Amino acid sequence: MTTSAMPQINPEYVHWFRNSAPYINTHRGKTFVIMFGGEAVNHPNFSTLIHDFALLHSLGIKLVLVHGARPQIEKNLKDADIASPLHQDIRVTPRVAMPSILQAVGAIRLQIEAQLSMGLANSPMYGSRIDAVSGNFVTARPYGIRDGVDYQMTGEVRSIDVEAIKNNLLHDHIVILGSMGYSATGEVFNLLAEDVALSAAVALGADKLIFLGEEAGINHDNRLLREMIPNEVDRFLRDRDLNCEINYFLSCASNACRQGVHRTHIISYAKNGALLEELFTRDGSGTLISHDPYEEIRRANIDDVVGLIELLSPLEEQGILVSRSRERLEQEIDHYSVIERDGMILGCAALYPLDADSAEVACVAVHPEYRSGSRGADLLAFLEQQARSHGLHKLFVLTTRTAHWFVEQGFAEVEASALPEDRREKYNNGRNSKVFQKTL
């Protein structure tokens, strides 16, 4: 008698799903403002983006979607033979152009609402029951005359109706904002969608502001910059053209960060799954701009012990590091420094004072998936700075397998007799560790 084989589960899927759990818990109940232009709406991947928005909504994330409509507006104006030039990448909007603009913006809003309302069986939207709402949530004022140019019906954000938006989010609605604003006198103004998103995120105290653009993020020297802080953004944008979409996103991200939005993401609308990858994996898919470094080196505390055990146990089992009990780690935690990335301990190192002039570097470890960079060297530099601040002039390290790496970091092999007396008496000759020294 034979039995049918059990279906095989993809281990990569299981690994990803388990590792996404902390992010699911972290994001639940948070408010995200997501901005995308009319180019994203025209892209073949937009229907997949809608599915991803629905997924985020189902996970308890409060969504405010802000859409632009530039290519749709340009098409409508061309069809109507209406001139509406751009000055410094901002549209000059004659009153006669407003019907064409309103039609383009309204059509996109209806398209988004329709796609969020889909509930076909055997589709990702089945059973989602999403209520999408839009309205006069944005108050605007005229952009005015600048550099001698009258922008006419082009406007800028004056205020956001925070109470109305939060009330809709509280009732589990997705809020949709277009690139239009309304004045107290009943006029309608054409706005920059990026500015609407920035203003909404700041006013709402959003947890995240997300820009979906054509590019995956910020590239420099053919390398994706995964994290930036506002000061780095300022340096990057110096002498660069802000009329470029990606640079304007970056400028808005920096402004948002300085106005209380802790994290802004710039990712691609064209890459399938980029939004989910950015939100539910540690490395993400685009560029994160945050007020504090996404990855930081800091002194360890008692809450890091579990993370240290997870990091060190495999190395201890391989005999690379001396085994340390939980109790010992707890007692010696003040000697440790760690690299933390979004709540995960990626690396650690310890600095044990030996005498008035020297200290020992120990337990240098970096997570296997993050050893390609300079994290080990960065940890060592952090410890060296600690040693200097305490007036120490010598660092020692005892190692069995990483001698070459420490030589590359400026250490030189010495005899065990070079160790301070107390440490020399505890020298474990059974491991036959080599002793290295570095003069600070």
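What comes next is a walk through the structure. Since we're looking at a predicted model, the values are computed, not measured.

### Description of the sheet that holds strand 21 (residues 344-353)
On the basis of which strands lie adjacent, the open sheet formed by seven strands has the order 19-20-21-22-23-25-24 and mixed pairing. Of all the strands in the sheet, the pair left with one neighbour each is strand 19 (295-299) and strand 24 (412-414). For this sheet the average axis-to-axis angle between neighbouring strands, irrespective of direction, equals 30 degrees. Both strand 22 (residues 358-366) and strand 23 (residues 394-399) contribute to a ladder of four bridges, which runs parallel. Looking at the pairing, serine 358 lines up with lysine 394 of strand 23. Across the sheet, helix 11 (residues 305-317) lies against strand 20 (336-341), strand 21 and strand 22, angled at about 80 degrees from strand 21, the strand it touches most. Helix-sheet contacts for helix 13 (residues 375-389) involve strand 19, strand 20, strand 21, strand 22, strand 23 and strand 25 (434-439), and the interaxial angle to strand 21 is about 35 degrees.

### Looking at helix 1 (residues 11-27)
Three- or four-residue spacings in an α-helix give side chains the same orientation, since the helix completes a turn every 3.6 residues. Its 17 residues place the ends of helix 1 25 Å apart at the C-alpha level, agreeing with the 24 Å of an ideal helix rising 1.5 Å per residue. Of all the bends found along helix 1, the most pronounced is centred on alanine 21 and spans about 35 degrees, while proline 22, a proline, follows it within four residues. Burial in helix 1 covers these residues: Ser20, Tyr23, Ile24 and His27. Against strand 1 (31-36), strand 13 (208-213) and helix 10 (274-280) lie the buried residues of helix 1. Glycine 29 occupies a position one or two residues after helix 1 and carries a positive phi of about 85 degrees.

### Section: the pattern of salt bridges
If you walk through the whole model with that rule in mind, you get 16 salt bridges. Of the charged contacts, one joins lysine 271 and glutamate 277 as a salt bridge, the two residues approaching to 3.0 Å between their closest N and O atoms. By relative accessible area, glutamate 277 is classed as partly exposed at 28%. Taking the shortest distance from any N to any O, the salt bridge between arginine 298 and glutamate 340 comes out at 2.9 Å. Taken as a pair, arginine 298 in strand 19 and glutamate 340 in strand 20 lie far apart in primary sequence, 42 residues in all. When its relative accessible area of 17% is taken as the criterion, arginine 298 is described as buried.

Cut-offs applied
- Residues numbered from 1 in each chain as written.
- Predicted model: local features only at pLDDT ≥ 70, side-chain atom pairs only at ≥ 80, totals over all residues.
- Heavy atoms only, no water.
- Pairing = 2+ DSSP bridges.
- Helix = DSSP H or I, 4+ residues; strand = E, 2+ residues; numbered from the N terminus.
- Axes fitted to C-alpha atoms, helices over the stretch in contact; angles between N-to-C directions.
- Contact = heavy atoms within 4.5 Å.
- Expected span 1.5 Å × (residues − 1).
- Bend = angle between axes of the 7 residues up to and from the residue.
- Buried < 20%, exposed > 50% of the residue type's maximum accessible area, 1.4 Å probe, protein only.
- Salt bridge = Lys/Arg side-chain N within 4 Å of Asp/Glu carboxyl O.

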